[in-house]
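Residue strings, one per chain:
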Amino acid sequence: MHDHKATLDMVKEGMIGDEKMTDLVALFKVFGDKTRMKILYSLFESELCVCAIGELLSMSPSAISHQLKTLKEANLIDNRREGKTIYYFLADDHVRTIIAQGYTHITEER
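These figures come from a predicted structure and were not determined experimentally. Residues take numbers from 1 onward in each chain, read along the sequence in its written order. Confidence filtering applies because this is a predicted model: local features only for residues at pLDDT of at least 70, side-chain atom pairs given and counted only at 80 or more, and all residues used for totals across whole chains, interfaces and linings. Excluded from the side-chain calculation are hydrogens and water; included are all heavy atoms of the structure.

### A look at the pairing of strand β2 (residues 77-82)
For step 1, the next point in the chain: Here a strand pair is declared whenever DSSP counts at least two bridges between the two strands. Each helix is a run of DSSP H or I of at least 4 residues and each strand a run of E of at least 2, with the numbering of both proceeding from the N terminus. Two elements, β2 and strand β3 (residues 85-90), share 6 bridges in a ladder whose sense is antiparallel. Across the sheet, the residue bridging to Glu82 is Thr85, located in β3.
For step 2, the next point in the chain: Remark: 2 residues form the turn of the hairpin made by β2 and β3, two consecutive strands paired antiparallel; Gly83 in that turn has positive phi of roughly 65 degrees.

Pasting the structure below:
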């Protein structure tokens with residue numbers, strides 16, 4: 001049998017705490033919904049209002065609003081108001097990077 005102590009000590013040092021791990025798991029759960037991913041992809045190109053997203057995805061405004069709330073709570077999107085209309089957009093470039101990296105991973109040849 002061989003000694004793993006040095007390796008395990010190094011790995012333990014690099015691990016994040018349970019609270020941050022829980023936050024990370026929650027973030028990836030948000031990405032685990034097809035409708036939310038479609039919304040995020042639609043916001044790659046332009047900011048959009050609820051009715052435009054609904055039309056694009058053939059969904060009701062209330063169904064879209066429910067998903068937007070989840071995305072906003074996860075800090076993946078933000079919004080701005082123009083009169084009575086609220087426009088949604090990606091919160092920052094990290095969101096685009098996470099999705100792009102995931103897409104690159106699933107499409108790379110093995």
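### Quick look at the nonpolar core
For step 1, the next point in the chain: Among the buried residues, those of types Ala, Val, Leu, Ile, Met, Phe, Trp, Tyr and Cys that are joined through side-chain atoms within 4.5 Å form a nonpolar core. Relative accessible area decides the class of each residue, using a 1.4 Å probe on protein chains only: under 20% of the type maximum gives buried, over 50% gives exposed, and in between gives partly exposed. Of all hydrophobic cores here, the largest spans 20 residues; its most connected members are Ile39, Leu40, Leu43, Ile53, Leu68 and Leu76.
For step 2, the next point in the chain: The element contributing the most residues to this core is helix α3 (residues 34-45), with 4 residues.
For step 3, the next point in the chain: If sequence neighbours within four positions are ignored, Leu43 has contacts with Leu48, Ile53, Ile77, Tyr88, Phe89 and Leu90. In this analysis, two residues are considered to be in contact whenever any of their non-hydrogen atoms come within 4.5 Å of each other.

### Some remarks on unusual backbone geometry
Leaving glycine out, the prevailing phi sign among residues is negative, and the prevailing peptide bond configuration is trans.
For step 1, the next point in the chain: Positive phi, normally seen in glycine, also occurs at Ser58, with a value near 55 degrees.
For step 2, the next point in the chain: Here Ser58 is to be found in the loop between α4 (50-57) and α5 (61-73).
For step 3, the next point in the chain: The class of Ser58 is exposed, set by a relative accessible area of 68%.
For step 4, the next point in the chain: Of note, the phi angle at Asn75 is positive, near 60 degrees, even though the residue is not glycine.
For step 5, the next point in the chain: If you trace the backbone, Asn75 turns up in the loop between α5 and β2.
For step 6, the next point in the chain: Under the relative-accessibility criterion, Asn75 is labelled exposed at 58%.

### Section: the sheet that holds β3
For step 1, the next point in the chain: With antiparallel pairing, 3 strands are arranged side by side in an open sheet as β1-β3-β2. Bordering the open sheet on either side are β1 (48-49) and β2, each of which pairs with just one other strand.

### Let's talk about α4
For step 1, the next point in the chain: The complete set of buried residues in α4 reads Val50, Ile53, Gly54 and Leu57. Buried residues of α4, viewed axially, fall in a sector of 100 degrees; they line one side. Across from the buried face of α4, at angles greater than 90 degrees, the exposed residues are Cys51, Glu55 and Leu56.
For step 2, the next point in the chain: The secondary structure elements touched by the buried residues of α4 are α3, β1, α5 and β3.
For step 3, the next point in the chain: Positioned one or two residues after α4, Ser58 has a phi angle of 55 degrees, which is positive. Think of the arc as the fan of directions from the helix axis to the C-beta atoms.

### Regarding the side chain of Arg36
For step 1, the next point in the chain: Take Arg36: it is sitting in helix α3.
For step 2, the next point in the chain: Only four residue types enter the tally: Lys and Arg on the positive side, Asp and Glu on the negative side; His and the chain ends are excluded. One speaks of a salt bridge when a side-chain nitrogen belonging to Lys or Arg is within 4 Å of a carboxyl oxygen belonging to Asp or Glu. Despite its burial, Arg36 pairs with no opposite charge; the closest candidate is Asp33, at 4.2 Å N-O.
For step 3, the next point in the chain: Ignoring sequence-local partners within four residues, the contact set of Arg36 consists of Lys29, Val30, Gln67, Thr70 and Leu71.

### What to know about the state of the cysteines
For step 1, the next point in the chain: Cysteine sulfur atoms are paired as a disulfide whenever they fall within 2.5 Å. Summed over the entire model, instances satisfying the criterion amount to 0 disulfides.
For step 2, the next point in the chain: Here Cys49 is not disulfide-linked; the sulfur of Cys51 is the nearest cysteine sulfur, at 3.0 Å.
For step 3, the next point in the chain: Note on Cys49: relative accessible area 12%, which makes it buried.
For step 4, the next point in the chain: Under the relative-accessibility criterion, Cys51 is labelled exposed at 54%.

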